[in-house]
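# A closer look at the structure
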Amino acid sequence: ELGPYSHFMQKEIHEQPKALSDTIEAVLENGFVAELFGTNAAKLLPQVEGVKILACGTSFYAGLTAKYWIESIAGISCDVEIASEYRYRDAFANPKHLVVTISQSGETLDTMEALKYAKELGHTMALSICNVRESAIPRASELVFYTRAGAEIGVASTKAFTTQLVGLFALAVTLGKQRGRVDAAAEHGYQEALRQLPGSVQHALNLEPQIKAWSDKFAAKQNALFLGRGLHYPIALEGALKLKEISYIHAEAYPAGELKHGPLALVDESMPVVVIAPNDALLEKVKSNMQEVRARGGELFVFADLDSHFSESDGVHVIRTPRHVGVLSAIVHTIPVQMLAYHVALARGTDVDKPRNLAKSVTVE
Ligand code: F6R
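Keep in mind that this is a model prediction, so the values were computed, not measured.

Within the element layout of this structure, Ser-84 appears in helix α5 (residues 83–86). Relative accessible area serves as the criterion here: at 26%, Ser-84 is assigned to the partly exposed category. For the pair Ser-84 and Asn-279, spaced 195 residues apart in sequence, the C-alpha to C-alpha distance is 35 Å.

Before going further, it helps to examine the packing of helix α2 (residues 16–30) against helix α8 (residues 159–178). With their axes 9 Å apart at the nearest point, α2 and α8 run at an angle of 20 degrees to one another. With respect to each other, α2 and α8 are oriented roughly parallel. Regarding α2 and α8, the two cross each other, and that crossing is right-handed. For the pair formed by α2 and α8, the contact residues are Gln-16, Ala-19, Leu-20, Thr-23, Ile-24 and Val-27 on the first element and Lys-159, Thr-162, Thr-163, Val-166 and Ala-170 on the second. For the contact of α2 with α8, the class distribution of residues is six nonpolar, four polar and one charged.

Now for the sheet that holds strand β2 (residues 77–82). Strands sit in the order β2-β1-β3-β4-β5 across an open sheet of five strands; the sheet is parallel. What marks the edges here is a single partner per strand, and that holds for β2 and β5 (143–146). Averaged over all pairs of adjacent strands, the angle between strand axes in this sheet comes to 20 degrees, irrespective of strand direction. Along the sheet, helix α4 (residues 57–74) makes contact with β1 (50–55), β2 and β3 (97–103), crossing β2 at roughly 170 degrees. Strand contacts of α8: β1, β3, β4 (126–130) and β5, with the helix running at about 165 degrees to β3, the strand carrying the most contacts.

Residues in contact with the ligand amount to 13 residues; listed here are only the nearest, Ser-59, Ser-103, Gln-104, Thr-108 and Glu-245. Residue Gln-104 places a main-chain N or O atom 2.7 Å away from an oxygen atom belonging to the ligand. One of the side-chain N or O atoms of Lys-242 is found 3.0 Å from an oxygen atom in the ligand. Coverage of the ligand by the protein chains reaches 89% of its 410 Å² of free accessible surface. If you tally residues by element for the shell around the ligand, the top one is α4, at three residues. Classifying every residue of the shell around the ligand gives three nonpolar, eight polar and two charged.

A few words on the confidence of the model for the protein chain. Residues with a pLDDT of 70 or more make up 100% of the protein chain, whose mean pLDDT is 96. For this predicted complex, the interface score ipTM comes out at 0.99, alongside a pTM of 0.98.

Time to look at helix α12 (residues 283–295). For α12, which comprises 13 residues, the first-to-last C-alpha distance of 18 Å matches the rise-based estimate of 18 Å (1.5 Å per residue) to within 8%. If you check which residues of α12 are buried, you get Leu-283, Val-286, Lys-287, Asn-289, Met-290, Glu-292 and Val-293. Directly beyond the C-terminal end of α12, a positive phi value near 85 degrees is found at Gly-297.

Turning to unusual backbone geometry, a few remarks are in order. Even without being a glycine, Glu-134 presents a positive backbone phi close to 60 degrees. Mapping Glu-134 onto the fold places it in the loop between β4 and α7 (136–139). For Glu-134, a relative accessible area of 55% gives the class exposed. Here the phi dihedral of Tyr-248 falls at roughly 65 degrees; this positive angle occurs in a residue that is not glycine. Within the secondary structure, Tyr-248 is located in the loop between α11 (233–247) and β7 (250–255).

This part is about the sheet that holds strand β10 (residues 316–321). Backbone hydrogen bonds are what pair the strands of a sheet, in a parallel or an antiparallel way. Taking strand neighbours across the sheet as the criterion, the five strands line up as β7-β6-β8-β9-β10 in an open arrangement whose pairing is parallel. Each having just a single partner strand, β7 and β10 make up the two edges of the open sheet. On average, adjacent strands in this sheet sit at an angle of 20 degrees to one another, irrespective of strand direction. Across six bridges, strand β9 (residues 299–305) lies against β10 in parallel orientation. Bridge pairing in β10 places Phe-301 opposite His-317.

Let us now look at the pattern of salt bridges. Scanning the entire structure with this criterion turns up 20 salt bridges. For Glu-245, the salt bridge goes to Lys-242, with nearest N and O atoms at 3.7 Å. Placement of both Glu-245 and Lys-242 in helix α11 is noted, with a separation of three residues, approximately one turn of the helix. The same class applies to Glu-245 and to Lys-242, which are both buried.

A separate point is helix α10 (residues 208–219). The terminal C-alpha atoms of α10, which comprises twelve residues, lie 16 Å apart, in line with the 16 Å expected from a rise of 1.5 Å per residue. Three or more residues of α10 are buried, namely Glu-208, Ile-211, Trp-214, Ser-215, Phe-218 and Ala-219. The buried side chains of α10 occupy one side of the element, clustering within an arc of 145 degrees when seen end-on. In α10, the exposed positions that point more than 90 degrees away from the buried face belong to Pro-209, Ala-213 and Asp-216.

How each quantity is defined
- Residues numbered from 1 in each chain as written.
- Predicted model: local features only at pLDDT ≥ 70, side-chain atom pairs only at ≥ 80, totals over all residues.
- Heavy atoms only, no water.
- Helix = DSSP H or I, 4+ residues; strand = E, 2+ residues; numbered from the N terminus.
- Buried < 20%, exposed > 50% of the residue type's maximum accessible area, 1.4 Å probe, protein only.
- Axes fitted to C-alpha atoms, helices over the stretch in contact; angles between N-to-C directions.
- Parallel < 35°, antiparallel > 145°, perpendicular 65-115°, else oblique.
- Left-handed = near helix turned anticlockwise from the far one by under 90°.
- Contact = heavy atoms within 4.5 Å.
- Nonpolar A, V, L, I, M, F, W, Y, C, P; charged D, E, K, R; others polar.
- Pairing = 2+ DSSP bridges.
- Near = heavy atom within 4 Å.
- Polar contact = N/O pair within 3.5 Å; in protein donor to acceptor, adjacent residues only side chain to side chain.
- Areas by Shrake-Rupley, 256 points an atom, 1.4 Å probe, with all protein chains shown as cover.
- pLDDT = per-residue confidence, 0-100.
- Expected span 1.5 Å × (residues − 1).
- Salt bridge = Lys/Arg side-chain N within 4 Å of Asp/Glu carboxyl O.
- Arc of directions from axis to C-beta.

Okay, structure coming up:
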């Protein structure tokens, strides 16, 4: 079942080009049409005036990424909340807001209960982004987008996450189109970006030997810091979570602009700092944050792309993806942080597919 791979996690990381192309197939065939989200979507989506995303763990980070797309492409407000927090507070419900739950398993108890609570509070429109057909959460939702990642066996979510991002990106563009913010040329551009995505992800996968070479430097550490800005901040969060859960190294992620507000105090020669720094509009800002780290002796491990202009130097290690992919760059830059966590865990000899204390599907509180 594992084929040439040593673990399900490694296999599932490498399945991403296929998982992504299966998930985008319908978008490439039909464009960004409401029907991608179910038969009711043509009626419901035009009524949507805001989006509220509810999820846990890695799926929550997919939601954080989606917020950037939904507000910039669709021009509607989007807030993202951890399901276990939302379900226990007196929340304000606007029935014109679409509740979006994100769950690989479709069975996560807190996400399910958050959805029920949203309905009790008066929400009437719910969309589930889910990988398991006919599971509890999509069954309780008016609309559904099934990711086509195939079964995910490793406890750490990998291909489920990147395919969730595709579903959320499709939602942002579809809402933007309905609101007259995405014209035919822009739609074509977004479709092309998706068409090229599996190839770009394959290029990122080809970086595995370089990433493996970094893993020894992390294996002996007790802490790591992950930094990103904008769309790449949630990817820093995801990288830190992956590293914690499978290698048991304490890792934290911060938006790089927050360094000065506290975490910079942690940085010294023993702190590896991973930076997600492709060439987007915030790169210059990220570079000055990197200098802040270097000035305190922190060792930088930078995931960049060919267009991010800076070079390796003392204490600055760089791995580059071969091209800058624009709006979907967050998806491509997920691959290196997954592989980093995987190889660090291997170097430390932990049980990669079944990390201690964790379950694949969290059906208890
Ligand atoms: C992390 C991980 C978890 C899940 C979370 C939600 O690698 O897998 O954080 O993302 O338990 O699970 P789902 O998406 O099934 O609701």
